[in-house]
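Structural features, examined
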Amino acid sequence: MSPTTYLADSAQAVLTAILAAGQRVVAPVEQAGLLAFAHVEQAEQAQLIGQTRASAKELAFPRTQRLFGYRFGNPGVELLPGEEPPAPTVLFGVRPCDAAGLAILDGVFGAEPADAPYLARRARITVVGLSCDQPQAHCACTAVGLSPTATDGSDLLLTPLAEGVLVEVLTARGAALVDLLGEALRPGAADKAEVTARAEAAMAPRALPAGLADGLAAAFGEAAWADAAARCLGCGTCAFVCPTCHCFDVVDESNLRGGQRLRVWDACQFGLFTLHASGHNPRADQAARYRQRALHKFSYYPRAHGRPMCVGCGRCVNACPAGMDIFEVAATAAAGQG
Amino acid sequence: MRTETYEPHLMTVAQVRDETADVRTLRLTFTDPALADSFAYRAGQFAFYSAFGEGESVFCIASSPTETGYVECSFKLTGKVTSALRRLSEGDVMGFRGPYGNSFPIDEMVGHNLVFIGGGIGMAPVRSILVNCLDRRSEFGDITILNGARSAADLVYRDQTDAWTARSDVRCVKTVDPGGDSEGWDGEVGLIPHVLERLAPTPHNTKVVLCGPPIMIKFSLISLEKMGFSGEQVITTLENRMKCGVGKCGRCNIGGAYVCCDGPVFTAAQIAALPQEF
Amino acid sequence: MSTETLLTPSAPDTATWKPRLVAFVCNWCTYTGADLAGTSRTEYPANVRIVRLPCSGRIDPHFIIRAFEQGADGVLVSGCHPGDCHYTAGNYHARRKFMVLHALAEFLGIEPERLQFSWVSAAEGRKWADVVSDVVAGLLRVGPVQPTWGGAGELPVRSLSEPPRPVPEPLDVVGELRATAQRWLSDCRVDVFVGYGQGSLPGRLRPAFITSPDEVDQLVWNEHAVNNLATYLTRGLVKRHGRVGLLVKSCDARAVVGLLQERQIEREQVTLLGVPCIGVEVDGALAPKCHTCDSAWPALVDEVLSAEVPLTPVDGEGLAAEIAWVEKMSPAQRRAWWQAQFDRCLRCYACRAVCPLCYCSQCIADQSRPQWVSKSSDGRGNLAWNLVRAFHLAGRCVGCGECTRVCPSNIRLDLLNAKLAQVVRDEFGYVAGGDPDLPPPLTTYLLEDHEEFIR
Ligand SMILES: Cc1cc2nc3c(=O)[nH]c(=O)nc-3n(C[C@H](O)[C@H](O)[C@H](O)COP(=O)(O)OP(=O)(O)OC[C@H]3O[C@@H](n4cnc5c(N)ncnc54)[C@H](O)[C@@H]3O)c2cc1C
Ligand code: SF4
Ligand code: SF4
Ligand code: SF4
Ligand code: SF4
Ligand code: FES
């Protein structure tokens, strides 16, 4: 039995070995002043400090995905295949929150009846997580039961230590990748508790109250949602950058010869999201839409799955043009109930 | 690569019937005979209907599982996809994926008196379970049907309603809103809840199937409660906007319930327990 | 055939490729002229598909964008000569729109050959034939639209803005701000006061809605007061609260002017408190808009907070320098550069959500019948969306920079906006957000408007 932990010189060195093993790699790179996941060919391209603006979900759940195509015949219609998923890819340098986000998406899309287009992409992704040693001001993973070194969703997790980097092998897929890396990894173990503690200590204290899921459900009818959501512009940025948001729209694009059916990201913060053809809208104002966001993450989902549908990456708080803070709103709304 | 989750079956439009000026019924047959044999569904389930080039829309399956060899849907012209579906004629190809969702609890309805109430296009889901029950008539007690519409011109399934009225083993009433009657109208005049109170079905050992626009549901529920019906006795459907049908797209939820998976069929009692957001 | 080749314009076989030209023409002049060319058997290339509209004024830029999206290699727009419009002035209005569209296309690196304008009268069958032949010859020269833009080699990289400038110490106005808000609320002069409060992240402020005089201590002011609060005026604020007191910087006040001009709000509904401002901070440096801001003092306000404003001469080039930099690239490079920008667009529409002047209750990007802008976040849909957004803001954008600040993908929307503001200023002598009594530039025209770009 091979050991389940290894040591390596650095995260960079592991990446170099993965590239040398001929793997296709997607990792954080700097693009136009922000960090984004992109295809890399050299280890130096990867930027392993900081958090990407958008989450890693795009690789498994792209912004636009062809579900199938069609060609108009005369007579009839011929169906054409959906998107060919990208080649097997190592998703490198994924922060523990983002990796946990993928785990949540796996649950949503994997639940029967499973979502074949998602799973087809996901089956080709190996997640190499990278623990955080420098949390950001908006980080909140500890508030949702994760930590800067959490393993959820990663196939391998790299944790930088003083003496190098600890590599935890968490899944068979991770082990298969390790098999390709040869000398870059040496069997060995180390304790990451100190790194975890240091990172957690560097985080702004953020906590969610106990009984949040029930408190929020009880607060559903409160008028206070209108005040809570007053700032929200309904722009949807929060959902687009979130690693766990997965709402989508299905649209056709076509011309006279044929077309394709696509799924494209959507967001529950948009007024059109729930608008019926009759003009009736069950979530007629931003208060109702913001409440849906808060409750989906911190009440409906946890009641069904035992964990929040939030991995505490803080991206929505950081990116919101209006300074909305979902942790603050949720806690206040639930408290107003007590 | 297979993306069968969202890929529709190809169907041939076998028949086009206009119910009203803006409601049309399409009868669809599978282009693949193997599928035609294996396809099964239960009354109350829904499906996605594709007009290739424009998109897909959700309608309930309006035919009954006892009507084999085809499926039917009845839809009201409302927008992009429904306009495109109206451009199809017999022999054209369209897409169909389904069935999705739960269904009317027909087994629990066995042995009960049944009241079917449909308002406008809400008669489509009612029709499926109604025909299903009529085809198994002996298993049920009294059957009362109330088909209502804004005006005589908006009444769907008119011929079938007249056929049900002619039967001696059901009581069938059609009604239009006050002012909605026209020359030669031979049904009732009055809002559904009022006509319902006049019909005064007994709550004893009875199940009610109630589908229609939200406002009609709301007032019918009040009337039913007045007559002594409990929330468990009244079965209805919800129509939240849907894109996937399989609990992924995040659009149809009411609180923790996903209408596409946990519904569309709910009892009035179940609906009362949900957050009031529909 | 794969779906890609169905819908994505694939690189056509250059040997057999024939340019596809779509011509949008007015019914009265050009269409008749084209008809004359046909009946008098004047020969001209058969590559043109003619779409007839009642008037050149009806030729919406969306038609043009859509034609390109659907695979046209070029578009020709043609109507009656000035003075000849069947509806008197349709072509004068059109001329302004096309001027802006022409400039936008050029700025994006779309070859001028692909978008051409002409005046062709009913009698000018010959001219029509010549114009079409010439435009087709131009298209043959530039070749087919490439499936993806690019092929321009390594893209030029430039630091994002002028060298970052430090943000000056904010003026100390908080005391007077709170006192004023308190007075307004206590005197029932306003039902809500909108200012800035502390955000939940260090160093961030966020909009605050104060409805009671006891709450004014939540109000703060410093260099992080970035939001343009005027946006909230059209987002249900008036309906929800009644009379609004609004804190405005000079850039924000310009947006209020725009809303008044476009009759989106009534002057009585809003009481403006001006705050003297010498710069706000975006991404750790002085916001680009502040480099060229020529007044610390907002216009139009009902009251203004007092402060000693240090004299800061406007010496920055601001976005002009970057516009010039973009314009120095070859068209192909420019196209590739913008392609790389638009490729990142998530279609989150945050740019639209924050824009004080994007107030339409249904945005054209959300329409499904017809669907002007494809929803997919790929090259075509993103280009169309960004073009439509920029065009709709032409002559209206007040340069508050909010769209660029909030874009999660750092797309340089500010450059598009600023370029069109330049065009509108240079061509029509108009600066948005100045005088609430002036008509917006694209709703009016001058007989002597330039038309060198029209054949
Ligand atoms: C479970 C269920 C059963 C339904 N059964 C029927 C039926 O039997 N007959 C009938 O006429 N209508 C039914 N509807 C409503 C029907 O789906 C919409 O009226 C229809 O989709 C409108 O499509 P459109 O493209 O013409 O309208 P548009 O307004 O152009 O709609 C654009 C998009 O919005 C979606 N959409 C709009 N309104 C609704 C809505 N209320 N529900 C779901 N999606 C919507 C459409 O799918 C489409 O993708 C049902 C809805 C649900 C959820
Ligand atoms: S919470 Fe913020 S990011 Fe989300 S929709 Fe509202 S304004 Fe946009
Ligand atoms: S809700 Fe916000 S903090 Fe939570 S996972 Fe999504 S983006 Fe991150
Ligand atoms: S804010 Fe940026 S990413 Fe979002 S739609 Fe606008 S341009 Fe695209
Ligand atoms: S387009 Fe951008 S800069 Fe112009 S007014 Fe709108 S938000 Fe402000
Ligand atoms: S229809 Fe998509 S989740 Fe229910």
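The present account deals with the structure reproduced in this document. (Residues numbered from 1 in each chain as written. Chains lettered and ligands numbered in written order. Predicted model: local features only at pLDDT ≥ 70, side-chain atom pairs only at ≥ 80, totals over all residues. Heavy atoms only, no water.)

Contacts between the two partners involve 43 residues from chain C, matched on the other side by 46 residues from chain A. Viewed at the interface, chain A and chain C are joined by two salt bridges. A salt bridge links Asp227 of chain A to Arg240 of chain C, with the shortest nitrogen-to-oxygen separation between them at 2.6 Å. Counting residues per element, the ones that place at least two in the side of chain C that touches chain A are helix 1 (3–7), strand 6 (205–210), helix 12 (350–354), helix 13 (379–393) and helix 14 (402–406) of chain C. Among the elements that line the side of chain C that touches chain A, the one with the most residues is helix 1 of chain C, at five residues. Each residue belonging to the side of chain C that touches chain A can be placed in one class, and the counts come to 18 nonpolar, twelve polar and 13 charged. (Contact = heavy atoms within 4.5 Å. Salt bridge = Lys/Arg side-chain N within 4 Å of Asp/Glu carboxyl O. Helix = DSSP H or I, 4+ residues; strand = E, 2+ residues; numbered from the N terminus. Nonpolar A, V, L, I, M, F, W, Y, C, P; charged D, E, K, R; others polar.)

Residues and elements named next belong to chain B. On the surface, Ile215, Phe219 and Ile222 cluster together into a nonpolar patch covering about 290 Å² of accessible area. Along the chain, Ile215 turns up in helix 7 (residues 214–226). In this structure Ile215 comes out as exposed when scored by relative accessible area, which is 53%. (Patch = residues over 30% accessible without salt bridge, like charges linked within 9 Å, V, L, I, M, F, W, Y side chains within 5 Å. Areas by Shrake-Rupley, 256 points an atom, 1.4 Å probe, with all protein chains shown as cover. Buried < 20%, exposed > 50% of the residue type's maximum accessible area, 1.4 Å probe, protein only.)

Next up on the list: the site of ligand 3. Residues in contact with ligand 3, as listed here, are Cys242, Pro243, Arg293, Lys297, Cys310, Val311, Gly312, Cys313, Gly314, Arg315, Cys316 and Phe327 of chain A. Its residues assigned to classes, the shell around ligand 3 comprises seven nonpolar, two polar and three charged. (Near = heavy atom within 4 Å.)

This paragraph deals with the sheet that holds strand 7 (residues 113–119) of chain B. All names here are of chain B. With mixed pairing, seven strands are arranged side by side in an open sheet as 10-9-8-7-11-12-15. Only two strands of the sheet have a single neighbouring strand rather than two, namely strand 10 (188–189) and strand 15 (265–267). Strand direction decides the pairing type here: strand 9 (residues 171–176) and strand 10, joined by two bridges, are parallel. Looking at the pairing, Thr175 lines up with Glu188 of strand 10. Strand contacts of helix 4 (residues 123–134): strand 7, strand 8 (143–149), strand 11 (206–211) and strand 12 (234–237), with the helix running at about 155° to strand 7, the strand carrying the most contacts. (Pairing = 2+ DSSP bridges. Axes fitted to C-alpha atoms, helices over the stretch in contact; angles between N-to-C directions.)

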